[in-house]
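Reading the structure
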Amino acid sequence: MTNPVFTRNKVFTQRTPAGYPAMPGYQVGGGTQTLPGQGQYATYQPNPTTQPTQAYPNDPFAAPNAGQQAGYGFPPASNAPTATRPVTLDDVLIKTLLTFGVLLVGGAVSWFTTATNPGLGYAMMFGGMIVALILGLVNSFKRRPSPALILGYAFFEGLMLGSISQLYSTLAGGVVPKAIGATIVTTLVMLVLFKTKTIRNSPTLMRVVFIGMGSLFVFYLLNFVISMIFPAANFYNVTLFGFPLWVVVSLVAIVLAALSLVTDFDFIMRAVENRAPAETAWTAAFGLMVTLVWLYLEFLRLFALFASSDN
């Protein structure tokens, strides 16, 4: 288990041979045959006890009677479910760009609001954090993606990020462009490593990421509790092999977030291979946003800690 947005949806985790439609009961090499000269409606499954009925699909007066089935020379019934268009990588790219565009709009609003009115900006930060958390949980557990809820999550996540970024920029100037640049470069590098199969997703990699994420959560929780009880004491004052512990923790978090991108890319490729519905692109965009926001925040904090230690 890594990104729950992907692991909770079977279209991102099940593998099928590329190019075969995901139809109920479909088996590769199942013996489907086509009668010569009868086009796309003349498919049948061989039955040793019966002979297939000869059909003439080009006959304009031919129509299925009550006992006749589609596929024996007759087109499918009008009330049969229509197949949805499968998702493509272009769909994922477009939905991802649209989602991040909405996030940038929310971020710009809270960035300038925090700069001119810090009190209102901080209120937007906490409000955006709460609403984004609720929408994130709703989107994670929904069986079908909702574009409106995903775009709403992106906007409120942007409100939170804009205020946080403005706060870090006030404390340590220049850290925001560095964090954005580092996030983009890391994403592109991991995409290249994934496409060239230098790094592949595997159960071992997913287990490492899951254990690492759980360990980070426990560390952050303990540090928060200790700092609340003893304000002057926290784990960040500790050194590990001569290095400040906060540097080690931040680097580990960045590595885990980068490896999570590999698992995200692999989940998306599985969805394309499984011919998942086109709406799955919204889920993919949402899952990528969760990982990229995490990566950006880790870079932002690391650069801010470096800047504060230099002063």
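Please refer to the structure placed before this passage.
The following refers to the structure shown. (Residues numbered from 1 in each chain as written. Predicted model: local features only at pLDDT ≥ 70, side-chain atom pairs only at ≥ 80, totals over all residues. Heavy atoms only, no water.)

Concerning the overall build of the chain
Heads up, the rule is: Labels follow the DSSP assignment, with helices taken as runs of H or I lasting at least four residues and strands as runs of E lasting at least two, numbered in each case from the N terminus. Three labels apply to residues, based on accessible area from a 1.4 Å probe with only protein chains included: buried if under 20% of the type maximum, exposed if over 50%, partly exposed otherwise in between. Residues are treated as being in contact if the distance between any of their heavy atoms lies within 4.5 Å. Note on areas: Shrake-Rupley with a 1.4 Å probe; residue coverage comes only from the protein chains shown.
Helix and strand counts for the chain come out as eight helices and four strands. Secondary structure elements of the chain, listed N to C terminal, follow the sequence α-β-β-α-α-α-α-α-β-β-α-α. Looking at the chain as a whole, 37% of its 311 residues qualify as buried. Counting only contacts in the chain whose residues sit at least 6 apart along the sequence, the fraction spanning at least 24 positions is 77%. Summed over all atoms, the accessible surface of the chain reaches about 18200 Å², with 68% contributed by carbon and sulfur.

Comments concerning a nonpolar patch on the surface
Using the following cut-off: Note on patches: the residues involved have over 30% relative accessible area and no salt bridge, like charges join within 9 Å, and the nonpolar side chains Val, Leu, Ile, Met, Phe, Trp and Tyr join within 5 Å. Within this document, salt bridges are pairs made up of a side-chain nitrogen of Lys or Arg and a carboxyl oxygen of Asp or Glu, the two lying within 4 Å of each other.
A cluster of nonpolar side chains, namely Phe217, Val218, Leu221, Leu222, Phe224, Val225, Met228, Ile229 and Phe230, defines an oily patch on the protein surface of about 930 Å² accessible area. Counting through the fold element by element, Leu222 comes out in helix 6 (residues 203–229). In this structure Leu222 comes out as partly exposed when scored by relative accessible area, which is 44%.

Observations concerning the packing of helix 5 (residues 175–195) against helix 7 (residues 245–273)
For clarity, the threshold we go by: For helices, the axis comes from a line fit to the C-alpha atoms of the stretch in contact; other axes are also lines fit to C-alpha atoms, and the angle between any two N-to-C directions lies between 0 and 180 degrees. Any angle between 65 and 115 degrees counts as roughly perpendicular, while under 35 counts as roughly parallel, over 145 as roughly antiparallel, and the rest as oblique. Handedness of a crossing is defined here by the sense of rotation of the near helix relative to the far one, left-handed for an anticlockwise turn of less than a right angle and right-handed for a clockwise turn. Residues are grouped as follows: Ala, Val, Leu, Ile, Met, Phe, Trp, Tyr, Cys and Pro are nonpolar; Asp, Glu, Lys and Arg are charged; all remaining types, including Gly, are polar.
Where helix 5 meets helix 7, the axes come as close as 9 Å, and the angle between the chain directions of the two elements is 55°. In terms of axis orientation, helix 5 runs oblique to helix 7. The way helix 5 lies across helix 7 gives a crossing that is right-handed. Of helix 7, the residues touching helix 5 (which contributes Thr186, Thr187, Met190, Leu191 and Phe194) are Ala258, Leu259, Leu261, Val262, Phe265, Asp266 and Met269. For the contact of helix 5 with helix 7, the per-class residue count stands at nine nonpolar, two polar and one charged.

Examining unusual backbone geometry
The phi torsion of most residues other than glycine is negative, and most of the peptide bonds are trans. The backbone phi angle of Lys197 is positive, close to 60°, even though this residue is not glycine. One can find Lys197 in the loop between helix 5 and helix 6. Positive phi outside glycine occurs at Arg275, with the angle close to 55°. Arg275 sits in the partly exposed class, given a relative accessible area of 38%.

Quick word on the environment of Leu297
Along the chain, Leu297 falls in helix 8 (residues 280–310). In this structure the C-alpha to C-alpha distance between Leu297 and Ile164, which are 133 residues apart in sequence, comes to 9.0 Å. Residue contacts for Leu297: discarding those within four places in its chain leaves Leu161 and Ile164.

Describing the nonpolar core
Here is the rule we go by: Residue types Ala, Val, Leu, Ile, Met, Phe, Trp, Tyr and Cys, when buried and joined through side-chain atoms within 4.5 Å, form a set referred to as a nonpolar core.
With 53 residues, the main nonpolar core has Met190, Leu261 and Leu300 as its most contacted residues. Breaking this core down by element, the ones donating at least two residues are helix 2 (89–116), helix 3 (118–141), helix 4 (147–171), helix 5, helix 6, helix 7 and helix 8. With 15 residues, the single largest contributor to this core is helix 7. Not counting residues within four places of it along the chain, the set of residues in contact with Leu261 comprises Thr187, Met190, Leu288, Thr291, Leu292 and Leu295.

In short, geometric facts, not functional conclusions.
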